[in-house]
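# Survey of secondary and tertiary structure
What follows is the residue order along each chain.
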Amino acid sequence: MAAELISPYVASDEISLGDASALLAETGHPASVRTLQRWCKKHGVELVRHGRADHASWTRLLQVHCLEVDAREAGA
């Protein structure tokens, strides 16, 4: 993975959706980049584009992931 440039304009907990997807895969409840984009739109999480990658607040992504996994398991 290439090193990303650190920008003073990026929120302290901002993460690329690709990196977030890789980290969430380790939880046993994976979410693809496309799924994360869809969830962000559904829950009103702001996406910011840096270069070619969308970034979002890691805190908000964790909250949305929790909501979506709970909803998925409640429906199962």
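Definitions and cut-offs
Residues numbered from 1 in each chain as written. Predicted model: local features only at pLDDT ≥ 70, side-chain atom pairs only at ≥ 80, totals over all residues. Heavy atoms only, no water. Helix = DSSP H or I, 4+ residues; strand = E, 2+ residues; numbered from the N terminus. Contact = heavy atoms within 4.5 Å. Salt bridge = Lys/Arg side-chain N within 4 Å of Asp/Glu carboxyl O. Buried < 20%, exposed > 50% of the residue type's maximum accessible area, 1.4 Å probe, protein only. Core = buried A, V, L, I, M, F, W, Y, C linked by side-chain atoms within 4.5 Å. Axes fitted to C-alpha atoms, helices over the stretch in contact; angles between N-to-C directions. Parallel < 35°, antiparallel > 145°, perpendicular 65-115°, else oblique. Left-handed = near helix turned anticlockwise from the far one by under 90°. Nonpolar A, V, L, I, M, F, W, Y, C, P; charged D, E, K, R; others polar.

## Focus on the environment of Leu-17
Here Leu-17 lies in helix 1 (residues 17–25). For Leu-17 and Trp-58, which are 41 residues apart along the polypeptide, the C-alpha to C-alpha distance reads 9.1 Å. For Leu-17, the residues in contact, after removing those within four places along its chain, are Val-33, Leu-36, Gln-37, Leu-47, Asp-54, Ala-56 and Leu-61.

## So, the pattern of salt bridges
Scanning the entire structure with this criterion turns up two salt bridges. The salt bridge involving Lys-42 is made with Glu-68; its shortest N-O contact spans 3.0 Å. Of this pair, Lys-42 sits in helix 2 (residues 33–43) while Glu-68 sits in helix 3 (residues 58–75), and the two are 26 residues apart along the sequence. On the basis of relative accessible area, Glu-68 is assigned to the buried category, the value being 11%. A salt bridge links Arg-49 to Asp-54, with the shortest nitrogen-to-oxygen separation between them at 3.7 Å. Relative accessible area serves as the criterion here: at 14%, Asp-54 is assigned to the buried category.

## Digging into the nonpolar core
In this structure, Ile-15, Leu-17, Ala-20, Leu-24, Ala-31, Leu-36, Trp-39, Cys-40, Val-45, Ala-56, Leu-61 and Val-64 together form the largest nonpolar core, which totals twelve residues. Ignoring anything within four residues of it in the chain, the contact list for Leu-36 reads Leu-17, Ala-20, Ser-21, Leu-24 and Ala-31.

## Remarks on the packing of helix 1 against helix 3
At a minimum axis separation of 11 Å, helix 1 and helix 3 run at an interaxial angle of 45°. Comparing the axis directions of helix 1 and helix 3 gives the class oblique. Note that helix 1 runs across helix 3; the crossing there is right-handed. Where helix 1 approaches helix 3, its residues Leu-17, Ala-20, Leu-23 and Leu-24 are matched on the opposing element by Trp-58, Leu-61, Leu-62 and His-65. Classifying every residue of the contact of helix 1 with helix 3 by side-chain character gives seven nonpolar, one polar and no charged.

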